[in-house]
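The lines below spell out each chain.
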Amino acid sequence: MTPLVLTALAALAVYAVTCWLWPFAACRRCSGTGKRRSPSGRAWRPCGRCNGSGRRVRSGRWLAELFRSERP
Ligand SMILES: [Zn+2]
């Protein structure tokens, strides 16, 4: 195996472990606050992307759950 492949595999392994330990990341639209501010900055409504929770499931975790649910 070439060093490039080994590095890619190591990076994938590290990413898999971090997705397992920290499955959530801050929502990109509201940056983790769960609120969407009006242009005035005083009024707000719950963020529609994360339903006000302020978090999103990381793509690695999402893939793992997809894979797990498709197996019988
Ligand atoms: Zn959000």
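Residues numbered from 1 in each chain as written. Predicted model: local features only at pLDDT ≥ 70, side-chain atom pairs only at ≥ 80, totals over all residues. Heavy atoms only, no water.

1. Focus: the overall build of the protein chain
The criterion, for reference: Only DSSP runs of H or I covering at least 4 residues are called helices, and only runs of E covering at least 2 are called strands; the numbering of each starts at the N terminus. Atoms counted for the radius of gyration: C-alpha only. Globule rule: 2.2 Å times the number of residues to the power 0.38. Each residue is assigned to one of three classes by its accessible area relative to the maximum for its type, calculated with a 1.4 Å probe on protein chains only: buried under 20%, partly exposed between the two thresholds, exposed over 50%. The criterion used for residue contact is that any of the two residues' heavy atoms lie within 4.5 Å.
Across its full length, the protein chain carries two helices and four strands. For the protein chain, the N- to C-terminal ordering of α and β elements is α-β-β-β-β-α. Over its C-alpha atoms the protein chain spans a radius of gyration of 17 Å, topping by over 25% the 11 Å that the globule rule assigns to 72 residues. For the protein chain, the C-alpha atoms occupy an extent of roughly 55 × 35 × 15 Å along the three principal directions. Considering the protein chain as a whole, with its 72 residues, one finds that 14% of them fall into the buried category. Sequence separation of 24 or more characterises 48% of the internal contacts of the protein chain that already satisfy a separation of 6 or more.

2. Focus on the coordination of the zinc ion
Inclusion rule: Coordination partners: N, O, S within 2.8 Å of the metal, 3.2 Å for Na, K and Ca; water not considered, so apparent gaps in a site are possible. Irregular is the label for any site that misses the other tests, which are tetrahedral for four donors with all angles between 85 and 135 degrees, and square planar for four donors or octahedral for six when opposite donors exceed 155 degrees and the remaining angles lie between 65 and 115.
Protein-derived ligands of the zinc ion are Cys27 (SG), Cys30 (SG), Cys47 (SG) and Cys50 (SG), with the metal-ligand distances lying across 2.3 Å. Between the four donor atoms coordinating the zinc ion, the angles at the centre fall across 102 to 117 degrees, so the site counts as tetrahedral. Read in sequence order, the donor residues coordinating the zinc ion give the pattern C-x2-C-x16-C-x2-C. Cys27 sits in the buried class, given a relative accessible area of 2%.

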